[in-house]
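# Residue-level structural notes
These are the residues of each chain, in order.
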Amino acid sequence: GVWKQVEEAGAASTALLPVTQAATLQAGRRALNSGPWVSIFDYITDATTRADILAFTQTADVSAYVQAACDAADDIGAAIYFPPGRYPILSTITTEGVSFLGDQFVEDLYPYGSKGTVFVFTSTTNTPFKLGESVLFQGIVFYWPNQIESAATWVANTNAPIAYPPLIENASTTTSLTGFAFFDNVVLNAYDFIDVGGNTAFDKGGRWNFSGNRICA
């Protein structure tokens with residue numbers, strides 16, 4: 001549809017952001033009212049990796065790029081935009097105070113994992129995201145492609161789903177997971193969604209906001 005340069009929203013990034021999404025997100029996160037915006041492609045500079053992501057053929061882990069973007073975004077209170085594409089996340093991303101913004105919400109997802117901004121998870125040992133306070137996800141597809149229900153896979157896994165780690169865990173053992181927002185996302189084939197534990201004193205979350213999500217377990 002209609003696009004505009006991110007710098008019009010107050011950032012130096014050259015990535016693109018849908019106008020409609022920019023308007024929708026104004027109330028979602030404190031960073032959005034005053035900018036700035038960055039693109040994940042500011043941190044993924046390899047042309048082949050960028051092309052594979054955009055073609056939905058990327059198979060190599062991009063966690064290091066995402067972590068670098070999060071570290072920089074947290075320092076300046078920025079939101080990170082992920083253009084439509086396939087982003088395999090195989091290691092743990094630890095962050096707080098960051099907004100993850102995907103392409104606009106996709107109603108028709110078939111075939112799965114081929115439209116919109118898709119975070120792909122295949123690790124059975126690493127939790128994808130360990131979060132502190134004030135994190136927003138919006139317009140992202142979270143997809144576990146190996147969690148399928150074919151007869152062979154079902155039998156091979158002792159007639160049970162693959163026990164993946166939670167999508168999100170509390171990064172802290174001393175504080176609650178607070179200020180968490182999850183808008184207009186799609187969760188496909190998750191085994192576990194959120195684990196807010198950390199210790200017995202701070203095992204709950206607070207000030208959470210969920211809206212417009214589609215969760216297909």
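Note that this is a predicted model, so its numbers are computed, not measured.

Moving on, we come to the environment of phenylalanine 183. Position of phenylalanine 183 relative to the elements: it lies in strand E14 (residues 180-183). Given a relative accessible area of 13%, phenylalanine 183 falls into the buried group. Put simply, phenylalanine 183 and glycine 139 are 44 residues apart on the chain and 6.8 Å apart in space, counted from C-alpha to C-alpha.

Notably, phenylalanine 56 is not glycine yet its phi reads approximately 60 degrees, a positive angle. Its place among the elements puts phenylalanine 56 in the loop between helix H3 (47-54) and helix H4 (63-76). Unlike most non-glycine residues, asparagine 189 shows phi in positive territory, near 75 degrees. Inspection of the secondary structure assignment puts asparagine 189 in the loop between strand E15 (186-188) and strand E16 (194-195).

Further remarks concern H4. Under the 1.5 Å per step criterion, the end-to-end length of H4 is 20 Å for 14 residues, consistent within 8% with the ideal 20 Å. Among the residues of H4, Ser63, Val66, Gln67, Ala69, Cys70 and Ala73 are the ones counted as buried. All buried residues of H4 lie within an arc of 160 degrees about the axis, which places them on one face of the element. Away from its buried face, by an angle of more than 90 degrees, H4 presents the exposed residues Ala64, Asp75 and Ile76.

Right, let's get into the confidence of the model for the protein. On average, residues of the protein score 77 in pLDDT, and 70% of them are at 70 or above. Within the model, the stretch residues 199-203 combines pLDDT values under 50 with 10 contacts to residues more than four positions away or in other chains.

This part is about the sheet that holds strand E11 (residues 140-143). Taken in spatial order, the 5 strands of this open sheet run E5-E8-E11-E15-E19, and their pairing is parallel. If you trace the sheet from one side to the other, it starts and ends with strand E5 (85-88) and strand E19 (214-216), each paired once. With direction set aside, neighbouring strand axes in the sheet form an average angle of 15 degrees.

Conventions used here
- Going along each chain's sequence as written, the residues are numbered from 1 onward.
- Selection of residues for local features in this predicted model requires a pLDDT of at least 70, selection of side-chain atom pairs for listing and counting requires 80 or more, and totals for whole chains, interfaces and linings are taken over all residues.
- Note that water and hydrogens are dropped before the side-chain values are worked out from all heavy atoms of the structure.
- Note on conventions: DSSP H or I runs of at least 4 residues are helices, E runs of at least 2 residues are strands, and numbering of each starts at the N terminus.
- Throughout this description, buried means an accessible area under 20% of the type-specific maximum (1.4 Å probe, protein chains only), exposed means over 50%, and partly exposed covers the range between.
- To estimate the expected span of a helix, count its residues, drop one, and scale the result by 1.5 Å.
- Note that the arc is defined by the directions from the helix axis to the C-beta atoms.
- pLDDT is a per-residue confidence score from the predictor, ranging from 0 to 100.
- Should any heavy atoms of two residues lie within 4.5 Å, those residues are considered in contact.
- Here, a strand pair is defined by DSSP locating no fewer than two bridges between the strands.
- Note on geometry: axes are lines fitted to C-alpha atoms, helical ones only across the stretch in contact, with angles between N-to-C directions running from 0 to 180 degrees.

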